[in-house]
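Residue strings, one per chain:
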Amino acid sequence: MKGPNSSEHRNPAAELAVSIPAVIAAGLLFYHRTGSADCIFIAVVYCIFVLPFIISAAVTAAKSREKPMFGRVFRGLDLASFKFRKAEELHSEGHFSDAIHAYKEVEEYKLTPRETAVLDFYMGMCYRDMGYPTNAAASFEKSDDVYFLHPSVLLNAERSYLDAGNFFKAEDISDRMFERKYDENYYRFLWSDRGRIYLRVNEPDKAIEAFQKGLDAGIDLCGAYCGLAVAHLMKRNVPLSRSYVEKAALSGGIASQEGFYVYYGEVARSLGLFEEVRDMVMHGGGDEDEEADDLS
């Protein structure tokens, strides 16, 4: 375990601030011994113009250390790190266009493959927040191609392609994730995402197979139940579909399935089955006149 004096707990701003009197003292000592005022001048210039910039960068670095997503990348005092953190700040404040511009400025520096991958991932997140899923997917995929950071990078690419309506690419990314055989606990979640792809391309039988595998794995039960409910509704098996909605509600996680009841109601309406599920949709908070959200 890292102790309180490790780099994870040090305050670079405080450490740099201590150097101010040290620099001045060194200049005075040199002047006392040589009679030259050059070092005093250099020390003053350093303290007035250089050190404040370094301290500002250090403060930003210290603040950004709280929960970095991919370790200590872009957490130094170099210009690339400073500009990245500025872009990250703009992104967090909702200034997405400015953040993208700032992220692209970081590309001009010589970066390691890991840094490039982290930069592309954050650009993908920013594009996603802007509502540009195609750009987001391309950035996520580029990040994963450059350097493997985490399974979530490629998963974000898949979901962004799905949001963009590019089902072929979403399925292709899904295949790649299955081929990699991630950690078992993470791997099991991929089945629910695969099922959602099949729902979007109107292949309920394949969706049922995928959601059932996720259900058998015992993870993301609510997501699997919701997916099975929609898939069986598409097959016009209303009683079985309703039973899965009830199981999803009993699992306690249906509140996290944003827009499910609205989406479920819209699917039912498109099949002429809305009256058979009206009570369930309205009880769940779905409005029959509300625009449907995608199952997510």
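Look up a bit, the structure's there.
These figures come from a predicted structure and were not determined experimentally. (Residues numbered from 1 in each chain as written. Predicted model: local features only at pLDDT ≥ 70, side-chain atom pairs only at ≥ 80, totals over all residues. Heavy atoms only, no water.)

1. Notes on the nonpolar core
Inference 1: Counting 71 residues, the largest nonpolar core has F74, Y103, F260 and Y264 as the members making the most contacts within it.
Inference 2: In terms of residue count, the dominant contributor to this core is helix α12 (residues 221-234) (ten residues).
Inference 3: Aside from chain neighbours lying at most four places away, what touches F74 is A80, S81, F84, R85, V106, L111, E115, V118 and L119. (Core = buried A, V, L, I, M, F, W, Y, C linked by side-chain atoms within 4.5 Å. Buried < 20%, exposed > 50% of the residue type's maximum accessible area, 1.4 Å probe, protein only. Helix = DSSP H or I, 4+ residues; strand = E, 2+ residues; numbered from the N terminus. Contact = heavy atoms within 4.5 Å.)

2. A word on unusual backbone geometry
Inference 1: Residues other than glycine seldom take positive phi values, yet F74 does so here, at roughly 60°.
Inference 2: The topology assignment puts F74 in the loop between α2 (38-63) and α3 (79-92).
Inference 3: Notably, N202 is not glycine yet its phi reads approximately 60°, a positive angle.
Inference 4: Counting through the fold element by element, N202 comes out in the loop between α10 (190-200) and α11 (204-217).

3. Details of the side chain of S81
Inference 1: In this fold, S81 is placed in helix α3.
Inference 2: Here S81 falls in the buried class, since its relative accessible area comes to 2%.
Inference 3: Discounting chain neighbours no more than four positions away, the residues touching S81 are F74, R75 and G76.

4. Digging into the pattern of salt bridges
Inference 1: Taken as a whole and assessed by the stated rule, the structure comprises 21 salt bridges.
Inference 2: With its nearest N and O atoms 3.9 Å apart, the salt bridge here joins K83 to E105. With a gap of 22 residues between them, K83 in helix α3 and E105 in helix α4 (residues 96-106) connect regions that are remote in the sequence.
Inference 3: Residue K83 is classed as partly exposed on the basis of its relative accessible area of 28%.
Inference 4: The closest approach of N and O atoms between R128 and D129, which form a salt bridge, is 3.1 Å.
Inference 5: Of the residues examined, R128 reaches a relative accessible area of 36% and is grouped as partly exposed.
Inference 6: For D129, a relative accessible area of 35% corresponds to the partly exposed category.
Inference 7: Where salt bridges share partners, they join E141, D144, D145, K169, D172, R176 and R180 into one cluster. (Salt bridge = Lys/Arg side-chain N within 4 Å of Asp/Glu carboxyl O.)

5. Here we look at the packing of α3 against α4
Inference 1: Put simply, α3 and α4 touch, their axes get as near as 8 Å, and they point 165° apart. It follows from the interaxial angle that α3 and α4 lie roughly antiparallel. Viewed along their axes, α3 and α4 form a crossing whose handedness is left-handed. The residues of α4 that touch α3, namely those facing A80, K83, F84, A87, E88, L90 and H91, are F96, D98, A99, A102, Y103, E105 and V106.
Inference 2: Of the residues assigned to the contact of α3 with α4, the class counts are nine nonpolar, one polar and four charged. (Axes fitted to C-alpha atoms, helices over the stretch in contact; angles between N-to-C directions. Parallel < 35°, antiparallel > 145°, perpendicular 65-115°, else oblique. Left-handed = near helix turned anticlockwise from the far one by under 90°. Nonpolar A, V, L, I, M, F, W, Y, C, P; charged D, E, K, R; others polar.)

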